[in-house]
Amino acid sequence: MAPGEKIKAKIKKNLPVRGPQAPTIKDLMRWYCLNTNTHGCRRIVVSRGRLRRLIWIGITLTAVALIIWQCALLVCSFYTVSVSIKVHFQKLDFPAVTICNINPYKYSAVRDLLADLDKETRGALKSLFGFSEVKSRKRREAETWGSAWEGTQPKFLNVAPLLIFNEEEKGKARDFFTGRKRKVSGKIIHKASNIMHVHESKEVVGFQLCSNDTSDCATYTFSSGINAIQEWYKLHYMNIMAQVPLEKKINMSYSAEELLVTCFFDGMSCSARNFTLFHHPMYGNCYTFNNRDNESILSTSMGGSEYGLQVILYINEEEYNPFLVSSTGAKVLIHHQDEYPFIEDVGTEIETAMSTSIGMHLTESFKLSEPYSQCTEDGSDVPVRNIYDAAYSLQICLYSCFQTKMVEKCGCAQYSQPLPPAASYCNYQQHPNWMYCYYQLYQAFVQEELNCQSVCRETCSFKEWTLTTSLAQWPSEVSEKWLLPVLNWDQSQQINKKFNKTDLAKLLIFYKDLNQRSIMESPANSIEMLLSNFGGQLGLWMSCSVVCVIEIIEVFFIDSFSIIARHQWQKAKEWWARKQAPSCPEAPHRQQGRDNPALDIDDDLPTFTSALRLPPAPGAQVPGTPPPRYNTLRLERAFSNQLADTQVTDEP
């Protein structure tokens, strides 16, 4: 390297380099470590010895890892919530109470509609359980199949044939109608039984559903014959009732005067006029007390059974459908006025000849929406159309989603849920394939293949009544002698029927106390707390402040990016210059002033010869400027040499 280049390199090395003016990333990092307030980075550069540098590098990296870990925990805790519970003592609004008879329609009114179905059901039961008195099983089967279907051609068993499966004979089943064995192909789905059996049975009962071309079939089996018969009957029952007009179904069910015998609320007498009709597809006429259609919502100012709702219900067991329901009583549901009463899912059953007392505690919950949870305020941001005439809830969303999928896939709506716009209920005549389609779609819904569970969200605020139920025999044997005649006399004008003990049920619904419990969520950390915690972690592990964080962002991101961009820009300019240079044949090389090796000794000012670009004299060498003598610039310390007149002579 020429002497001038050495001098410039030395000066360039000793000059202070700041920020983006650094030529390389390495120089920028060195400048940052020498000037930053984070002590760990500075100690890495100024420490002497490789061991100390390695120790400080390990300490600094450990501190950075701890900061990242603690800050991640702080961010996670920022999205958590804390729950606070408040208890209020105040006058409470009484909830809406929906009451339904378990039997939806009076059997005497629907007997003609269900005559063929009931006849085939009795024949199937006789074939399955062998009601005829025969000694040998072989003879019993032969007589049963012949006598059960003599002179008739069943239509319901042809649509969904009932089958008996034996575990020892796989792939085969015995048909109820013909009594012959048949091969069973396709998917077999076993349904769990709600009746516990002490002894295991080798035979199971089920029914088979097929598509239109009968090429694709699915068989549903039950470990209990009771469940199989009831499920099969319910399937055909929905098909029949789906074709009956709503007005006719209301007339076939129980009126408010028939269902409600007596009524008291808050110590005052009430009647059927205080109840609103609500027709449920599977429970017939239901009646809601304190509904939103009333002029004002009733409230109670005292707790206890004397200040709630007291009703006596007339069940009328003689009008029960023997195949549709197997229990006697009523169902009651306590809900908010704006909610839809899902009586079939969360209703409480009431026994006959019993007094059922239901004590309530009101709990109101408030949840935080995003980013703390996925709840929704009113369901407007959920991509599922609400087909119910009620406020949004998670259950409404799930049923609406399934009913919409049912209309899309099967072309009709399921009978037990409300109708979507421009849709009709499923029946054999218009939709002969609906049973198979419904069961396949329901299986996919349970297995969460329709994505309804992932789309629907729960509400952010809701009211819930915690119930405590107790039972007592009613009426007692002593009071029965006078109580029933009095009830008969009171209701002689509405119902021309003599009451029995097993036809009546008493219901009491009341607040146990007027304590309203509110469960509210609040953020566990606020923005101010999060920033202060960040600052504490940075100060604890790296002795940093907000200014240091800004400095790190500036150096590691802005300045580093500027250096990289500058280098890339220089490369791009050089590439563009090379691309724009004209291509010409090479001329013979001739030494110019800048190509003269004699002039490369120094980068000082040009001489007369070099300025005119004259060739040097032959054999002559252009002298260069000698480097300065820096040792002549050294300052001598004052009185470094002792003066002559102050010297002390040596003594002899």
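What counts, and where the lines are drawn
Residues numbered from 1 in each chain as written. Predicted model: local features only at pLDDT ≥ 70, side-chain atom pairs only at ≥ 80, totals over all residues. Heavy atoms only, no water. Salt bridge = Lys/Arg side-chain N within 4 Å of Asp/Glu carboxyl O. Helix = DSSP H or I, 4+ residues; strand = E, 2+ residues; numbered from the N terminus. Buried < 20%, exposed > 50% of the residue type's maximum accessible area, 1.4 Å probe, protein only. Pairing = 2+ DSSP bridges. Axes fitted to C-alpha atoms, helices over the stretch in contact; angles between N-to-C directions. Disulfide = S-S within 2.5 Å. Lys, Arg positive; Asp, Glu negative; His and termini not counted. Polar contact = N/O pair within 3.5 Å; in protein donor to acceptor, adjacent residues only side chain to side chain. Contact = heavy atoms within 4.5 Å. Patch = residues over 30% accessible without salt bridge, like charges linked within 9 Å, V, L, I, M, F, W, Y side chains within 5 Å. Areas by Shrake-Rupley, 256 points an atom, 1.4 Å probe, with all protein chains shown as cover. Parallel < 35°, antiparallel > 145°, perpendicular 65-115°, else oblique. Left-handed = near helix turned anticlockwise from the far one by under 90°. Nonpolar A, V, L, I, M, F, W, Y, C, P; charged D, E, K, R; others polar. pLDDT = per-residue confidence, 0-100.

> Tell me about the pattern of salt bridges, and please be specific about residues and values.
Applying the stated rule across the entire model yields 6 salt bridges. For the salt bridge of Lys367 with Glu458, the shortest nitrogen-to-oxygen distance reads 2.5 Å. You can see Lys367 sitting in the loop between β18 (354-366) and α13 (394-410) and its partner Glu458 sitting in the loop between α15 (452-455) and β19 (461-473), a full 91 residues away along the chain. You can call Lys367 partly exposed: its relative accessible area is 26%. Residue Glu458 is classed as partly exposed on the basis of its relative accessible area of 35%.

> I'd love a proper account of the sheet that holds strand β3 (residues 96-101), names of residues and values included.
The 5 strands are arranged β12-β13-β3-β16-β17 in an open sheet whose pairing can be described as antiparallel. This sheet does not close on itself; its edge strands, each paired only once, are β12 (275-280) and β17 (348-350). With direction set aside, neighbouring strand axes in the sheet form an average angle of 30°. Alignment of β12 against strand β13 (residues 284-289), held across 6 bridges, turns out to be antiparallel. Each residue of the ladder has a partner; that of Thr276, found in β13, is Thr288.

> Describe the state of the cysteines, with residues and values.
Tallying each qualifying case throughout the model produces 7 disulfides. Each disulfide pairs two cysteine sulfurs, and for Cys263 the partner residue is Cys270, the sulfurs being separated by 1.6 Å. Between Cys263 and Cys270 the disulfide shows an S-S torsion of about -80°. By sign, it is left-handed. Since its relative accessible area comes to 4%, Cys263 is described here as buried. Cys270 gets classed as buried once you look at its relative accessible area, which sits at 13%.

> Describe the side chain of Lys331, naming the residues involved and giving the relevant values.
Along the chain, Lys331 falls in strand β16 (residues 330-335). One buried charged side chain, Lys331, makes no salt bridge at all; its nearest oppositely charged neighbour is Glu349, positioned 4.5 Å away. Polar side-chain contacts of Lys331 include one of 3.3 Å to the side chain of Tyr283. Residues in contact with Lys331, not counting those within four places in the same chain, are Thr98, Ile99, Cys100, Ile102, Tyr283, Ile343, Glu344, Gly347, Thr348 and Glu349.

> Account for a nonpolar patch on the surface, naming residues and giving values.
Together, Ile553, Phe556, Phe557 and Ile558 give the surface a local cluster of nonpolar side chains, amounting to about 400 Å² of exposed area. In this structure Ile553 comes out as partly exposed when scored by relative accessible area, which is 42%.

> How would you explain the environment of Met252 if you had to name every residue and give the values?
As for its position among the elements, Met252 is in helix α10 (residues 246-252). In contact with Met252, not counting residues within four places along its chain, are Tyr105, Lys106, Ala109, Val110, Leu113, Met241 and Val244.

> Hey, could you go over the packing of α13 against helix α14 (residues 434-446) for me, with residue numbers and the actual values?
At their nearest, the axes of α13 and α14 sit 10 Å apart, and the two run at 140° to each other. It follows from the interaxial angle that α13 and α14 lie oblique. Regarding α13 and α14, the two cross each other, and that crossing is right-handed. Contacts from Leu398, Phe402, Lys405, Met406, Lys409 and Cys410 in α13 reach Trp434, Cys437, Tyr438, Leu441, Tyr442 and Phe445 in α14. Class assignment for the residues of the contact of α13 with α14 results in 10 nonpolar, no polar and 2 charged.

> Pulling in residues and values, what's your account of the confidence of the model for the chain?
Residues of the chain with pLDDT of at least 70 account for 71%, and the chain-wide mean is 77. Overall, residues 132-149 carries pLDDT values under 50, and its contacts beyond four positions in sequence, including any with other chains, amount to 27 contacts. Overall, residues 193-200 carries pLDDT values under 50, and its contacts beyond four positions in sequence, including any with other chains, amount to 9 contacts.

> Can you tell me about the packing of helix α9 (residues 225-241) against α14, naming the residues and giving the values?
For the pair α9 and α14, the least separation of the axes is 12 Å and the interaxial angle reads 120°. With respect to each other, α9 and α14 are oriented oblique. The hand of the α9/α14 crossing is right-handed. Residues Glu231, Leu235, His236, Met238 and Asn239 of α9 form the contact with α14, whose participating residues are Trp434, Met435 and Tyr439. For the contact of α9 with α14, the per-class residue count stands at 5 nonpolar, 2 polar and 1 charged.

> Outline the side chain of Thr98, listing residues and values.
Of note, Thr98 is situated in strand β3. A relative accessible area of 0% means that Thr98 is categorised as buried. Engagement of the side chain of Thr98 in a polar contact is seen with the side chain of His335, the distance being 2.7 Å. Those residues in contact with Thr98 that lie beyond four places of it in its chain are Phe278, Cys286, Tyr287, Thr288, Lys331, Val332, Leu333, His335, Pro341 and Ile343.

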